[in-house]
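Spelled out, the chains give:
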Amino acid sequence: MKIYNGEDRQERRKKRYIIPIIYTLAEITLTWLLISIVMIDFNIYRWSIWGKLIFSIAVIYSIYKMILIYKRQKNYKSD
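Residues numbered from 1 in each chain as written. Predicted model: local features only at pLDDT ≥ 70, side-chain atom pairs only at ≥ 80, totals over all residues. Heavy atoms only, no water.

Q: Would you take a moment to explain the pattern of salt bridges for this structure?
A: If charged atoms from side chains of opposite charge come close, those side chains can pair. According to the stated counting rule, one finds two salt bridges in the structure shown. In this structure, Glu27 engages Lys65 in a salt bridge whose closest nitrogen and oxygen atoms are separated by 2.8 Å. With a gap of 38 residues between them, Glu27 in helix 1 (residues 18–39) and Lys65 in helix 2 (residues 49–72) connect regions that are remote in the sequence. By relative accessible area, which is 29% here, Glu27 ends up partly exposed. What makes Lys65 partly exposed here is its relative accessible area of 28%. Asp41 serves as the salt-bridge partner of Arg46, at 3.6 Å between the closest nitrogen and oxygen. (Salt bridge = Lys/Arg side-chain N within 4 Å of Asp/Glu carboxyl O. Helix = DSSP H or I, 4+ residues; strand = E, 2+ residues; numbered from the N terminus. Buried < 20%, exposed > 50% of the residue type's maximum accessible area, 1.4 Å probe, protein only.)

This is the structure in C-alpha cells:
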C-alpha cells in the first residue's frame, strides 16, 4: 500500500513477526559461541558462574530488544 507524503511516495510496511525472532536467535547463538570459545567448552552446564551470568544477561537483553521492535511496529490496514 502506498501513501502520498508530500513529494515522495512511501510504502507502508506490514508487521514482521519472523524476522525479529531470527535476529534474536542469531544474537543468542553468537553469544553462546563467543563464550564457548572463551570457556573452551561448548556445554553450558560446565561453564563457570560468570560465563552463565554473562550469557543470561545477553539473552535477556536480546529478548528485550525484540520486544521493543514489536512494540515499535504499527498495525497498518491494507486497502
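After that view of the structure, there is still more to cover.
Q: Explain the packing of aromatic side chains here, please?
A: The relation between two aromatic rings is expressed through the spacing of the ring centres and the mutual angle of the planes. Enumeration according to the criterion identifies three aromatic pairs in this entry. Measuring from centroid to centroid gives 5.7 Å for Trp32 and Phe42, while their planes differ by 55°, and the two rings are tilted. Linking Trp32 in helix 1 with Phe42 in the loop between helix 1 and helix 2, this pair joins segments that are 10 residues apart in sequence. Residue Trp32 is classed as partly exposed on the basis of its relative accessible area, which comes to 26%. (Phe/Tyr/Trp six-rings, centres within 6.5 Å; stacked < 30°, edge-to-face > 60°.)

Q: Would you mind going over the side chain of Ser62 with me for this structure?
A: Residue placement: Ser62 occurs in helix 2. A relative accessible area of 4% means that Ser62 is categorised as buried. Discounting chain neighbours no more than four positions away, the residues touching Ser62 are Thr24, Glu27 and Ile28. (Contact = heavy atoms within 4.5 Å.)

Q: Quick question: what am I supposed to make of the nonpolar core here?
A: Proteins that are soluble and globular tend to have nonpolar side chains buried together. In terms of nonpolar packing, the biggest core is built from six residues, these being Ile28, Ile35, Met39, Trp47, Phe55 and Val59. Only helix 1 and helix 2 provide two or more residues apiece to this core. Leaving out residues up to four positions away in the same chain, Met39 has contacts with Trp47, Ser48, Trp50 and Gly51. (Core = buried A, V, L, I, M, F, W, Y, C linked by side-chain atoms within 4.5 Å.)

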